[in-house]
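Here's the letter readout for the chains.
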Number of protein chains: 2
Amino acid sequence: MTTLSLNRNLHQRLQACKYLFIKLLNFLSEHKFGKIAFSFYFAFGVHVPATIKSVAQYAGVSIKTVSRVINNEGTVKPATLEKVQEAIEALDYKPNKAARDLAGRENFVLGYVYDNPNAYYIIDMQKGILDECRSSGYELLIHPCNAASDNIVNELVNMVSSARLAGLILSPPLSEMPQVLSALDERNICYVRILSGSTTPNSSLPSVLIDDYKAAYAITEHLIEQGHSRIAFISGDMAHQSTIERQEGYKAALKARDIPVDNQLILNGTYSFETGVKSAEKIVKMAPTPTAVFACNDEIAAGTLFGARMNGLDVPAQLAIAGFEDSPFSRQTYPTLTTAAQPTTEIAKSATSALIQCIRSRKKAGNQDAIRSRFFTPQLVIRQSTKG
Amino acid sequence: MTTLSLNRNLHQRLQACKYLFIKLLNFLSEHKFGKIAFSFYFAFGVHVPATIKSVAQYAGVSIKTVSRVINNEGTVKPATLEKVQEAIEALDYKPNKAARDLAGRENFVLGYVYDNPNAYYIIDMQKGILDECRSSGYELLIHPCNAASDNIVNELVNMVSSARLAGLILSPPLSEMPQVLSALDERNICYVRILSGSTTPNSSLPSVLIDDYKAAYAITEHLIEQGHSRIAFISGDMAHQSTIERQEGYKAALKARDIPVDNQLILNGTYSFETGVKSAEKIVKMAPTPTAVFACNDEIAAGTLFGARMNGLDVPAQLAIAGFEDSPFSRQTYPTLTTAAQPTTEIAKSATSALIQCIRSRKKAGNQDAIRSRFFTPQLVIRQSTKG
DNA sequence: CGTCAACATGACAACGCTGTCATTAAATCG
DNA sequence: CGATTTAATGACAGCGTTGTCATGTTGACG
């Protein structure tokens, strides 16, 4: 046997040597270097990141105690805590996410799922989520998808299980799809919803509510104050609750001023530039022509502006246009667009922190803090497109 | 001792029971259920994902062989391979990323680092990268950052080491910053660069090259063909190589038609709407007034359009405007903008696949496939803003 | 039909952390 | 101030992979 193994090919022999050598180095480092910052440079200039073990050794405690410190378990004596924190600092220790994920039940990864053609919105959302993630040690998996796909429920569930996600951030329209929500509930998956509305949904999970109704009311009110009474409304996708809320706000504001709601002035569409263009063409043909348009978002509004101009209409003199969302390009049309600004990055942060809180409270069975919704109301921003 | 431990608090006792119970269940599942699809539902409806172990057992091989199959190591007999693949299918096995990351040297995570205010570009890039990642089992970490920050090099290096990234995708301007590149090289970090140029950079790492020069040449040529000879050029940030390439292309096209390059017609700026607005104001004051403008990107072009209109100029009759990039909003201005279209999503895919290939070839020391650059040339898209 | 590569496969120790439970130190109480 | 609870800490076994090395197995060759 031994003679045979001596005849094995050179490659394997060399590997064996290397292996032994590494063991030797590890042994030496463990027994000789004591309080030296392992994290710097090792023999051969190989960077060896600090591990929980080296921190424990440096601080003179067990690895479990270090684990307690980094997980904020709270059952560590102040003196010990300080020692450990010093060690962490000194060694520039960063917990290995893979190891934590493997050892623990859930991964420190959140998923952001969206189906939204608005690039600016997505970028702002990502920014807010990332900010919050970084300060809590979570990572973010982004997942653009097609909400209309038949397979969307499976797709999401698979993603959660295969990436072992700790939780999901859902923005509209996914946050408003019952089949998605119930599938997640069934599998006990944590999620936070960002959605349109003003009342807390009946759910044990957190939500961030955007009061589109109130903002749409304010926009409509503003148009009325500018002297308009024939105000057209261009809807986005009816699958988005926001469309409905905005329409309701529009109607309510009209009613409050005793202006009858004329259903012919309400045009259906999607959240797209094209909808705006097409709607503008319909609007110019109406008689009497509306003097103002409230478009469900800035993209539609920009399209409407485009269409109005193609038809030789002056904005705002002949047609006032208001959008919604405060996309950068609402400032980049001529004239600039009146709109409602929502603090997207703030909303994202708020949602993310709610989600993380929810995940944490789930881990500790007892600690069922009341889940509270958070509320935001987009603010009216008056620009050139409605100011005669 | 024993009596003492019997008096321990109830909580700990219960946990001990639970622990034993789980062990029992595991034991049973291992010794009784043989070829049953463990992955479905376990006692108590708890979903237990298949592991490499269950696959091995199902297929009647060792876990190492399964590992060989999922890593495509190629040293598995066809018959065995098939057995294992069947087992994987049957159990719906998905390798646990955390475990792979922990056991292996590098994580299956790529980083996309960017500092770019153009939301559409970022979204398209993300989409392409994600597509490629999904089909190769990688994950994506996105990292928006500030390239002008003093600390940018440290920030990136820290990110790579703390998330144990396998590689980085760099888009401009980060892909063109020597200090960033050399820091990454020093630490032997794999990256792929997307950058402006037409010649392969001197590097052992892959690049994706965008031939801005050629595209800018084409745009300028188009303007000349429309009868323009006084063509202003509005630069983006000079820190972007693309700005320089585009300017060079512009100059070369002029020279080729014997039109002298007038440096007064070249305006400096940043890749922003504001730059366009301000430049338009300077342009209308020039005498003789330029009849065409080539803006370094669509955002500047949109700003120029805005500024021109503010000054009562008709586009394209009095001033033709061309942009660059084919952002969606180049289609959403009135008139629509002539521009150069780059297939951003394709570029992202190409870059990502190059990176993954590079990472793989690094793992196997011998397999040094030649690193080849990939080339893209943005294509001229003629729209209303330059067509009298 | 023994010999010896080359090929195929397996046993087992890492990887760095958290969960479980045992143990020790500190606090509380009768 | 000893008994007993409670707080703090530690020892150690996983978690699901991959890397290392050893051990079959096969096939070509003399």
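Figured I'd write up the structure that's included with this text. The model shown is predicted, which means the values in this text are computed figures rather than measured ones.

## Topic: unusual backbone geometry
Cis peptide bonds are those with omega within 30 degrees of zero, and the linkage from Tyr334 of chain A to Pro335 of chain A qualifies with 0 degrees. Backbone torsion omega between Val315 of chain B and Pro316 of chain B reads 10 degrees, so that peptide bond is classified as cis. The backbone of Asp92 of chain A shows a phi angle near 55 degrees, a positive value even though the residue is not glycine. Relative to the assigned elements, Asp92 of chain A resides in the loop between helix 5 (78-91) and helix 6 (97-103). The partly exposed category is assigned to Asp92 of chain A, whose relative accessible area is 45%. Not every positive phi belongs to a glycine, and Asp326 of chain A is a case in point at roughly 60 degrees.

## With respect to helix 7 (residues 119-136) of chain A
Residue pairs three or four apart in sequence face the same way in an α-helix, which turns once every 3.6 residues. All names here are of chain A. Compared with an ideal rise of 1.5 Å per residue, which puts 18 residues at 26 Å, helix 7 spans 26 Å between its outermost C-alpha atoms and is within 8% of the ideal. Ala119, Tyr120, Tyr121, Ile122, Ile123, Met125, Gln126, Gly128, Ile129, Leu130, Glu132 and Cys133 are the residues of helix 7 that are buried. One side-chain oxygen of the residue at the start of helix 7 lies 3.1 Å from the amide nitrogen of Tyr120, identifying that residue as Asn118. Once helix 7 finishes, Gly137 follows within two positions and takes phi at roughly 75 degrees, a positive value.

## Quick look at the pattern of salt bridges
Residues and elements named next belong to chain A. As enumerated under the stated definition, the model contains 23 salt bridges over all chains in all. Put simply, Arg257 and Glu221 hold a salt bridge, and the shortest N to O gap is 3.8 Å. Of this pair, Arg257 sits in the loop between helix 11 (241-256) and strand 7 (266-267) while Glu221 sits in helix 10 (residues 212-225), placing them 36 residues apart in sequence. A relative accessible area of 36% means that Arg257 is categorised as partly exposed. Of the charged contacts, one joins Asp326 and Arg383 as a salt bridge, the two residues approaching to 2.8 Å between their closest N and O atoms. Residue Asp326 is found in the loop between strand 9 (320-322) and strand 10 (339-341), and its partner Arg383 is found in the segment after strand 12 (379-381); the two are separated by 57 residues along the sequence. The pair formed by Asp326 and Arg383 is uniform in burial state, with each residue classed as buried. Members of the salt-bridge network, linked through shared partners, are Lys127, Asp131 and Lys349.

## Digging into empty space enclosed by the protein
Scanning the entire structure with this criterion turns up three cavities of 30 Å³ or more. The computed volume of the largest cavity comes to approximately 180 Å³. As for the largest cavity, its lining consists of 16 residues, and the residues nearest its centre are Gln332, Thr333 and Tyr334 of chain A together with Gln332 and Thr333 of chain B. One number sums up the size of the second largest cavity: a volume of about 140 Å³. The class makeup of the residues in the lining of the second largest cavity is six nonpolar, six polar and eight charged.

The rules behind the values
- Position numbers for residues count from 1 along each chain, tracking the sequence in the order it is written.
- For naming, the first written chain is A and the first written ligand is 1, with later ones following in the order written.
- Selection of residues for local features in this predicted model requires a pLDDT of at least 70, selection of side-chain atom pairs for listing and counting requires 80 or more, and totals for whole chains, interfaces and linings are taken over all residues.
- Only hydrogens and water are removed before side-chain values are computed, so all heavy atoms of the structure are retained for them.
- Put simply, DSSP H or I for four residues or longer makes a helix, DSSP E for two residues or longer makes a strand, and each gets a number counted from the N terminus.
- Each residue is assigned to one of three classes by its accessible area relative to the maximum for its type, calculated with a 1.4 Å probe on protein chains only: buried under 20%, partly exposed between the two thresholds, exposed over 50%.
- Under the convention used throughout, the expected extent of a helix is 1.5 Å for every residue step, that is, one less than its residue count.
- Pairs of N or O atoms within 3.5 Å make up the polar contacts considered here, provided that, within protein, one atom can donate a hydrogen while the other can accept it, and that residues adjacent in sequence are counted only when both atoms are side-chain atoms.
- Any Lys or Arg side-chain nitrogen located within 4 Å of an Asp or Glu carboxyl oxygen qualifies as a salt bridge.
- Buriedness of a pocket was judged along seven lines, with at least five required to meet protein on both sides within 12 Å; pockets are open sets of points on a 1 Å grid over the protein atoms alone, cavities are sets where a 1.4 Å probe fits but cannot get out, and lining residues have an atom within 4 Å of a point.
- Grid points are joined across faces, edges and corners, and a volume is the space filled by probe spheres set on the points.
- Throughout, the ten residues Ala, Val, Leu, Ile, Met, Phe, Trp, Tyr, Cys and Pro are labelled nonpolar, Asp, Glu, Lys and Arg are labelled charged, and all others, Gly among them, are labelled polar.

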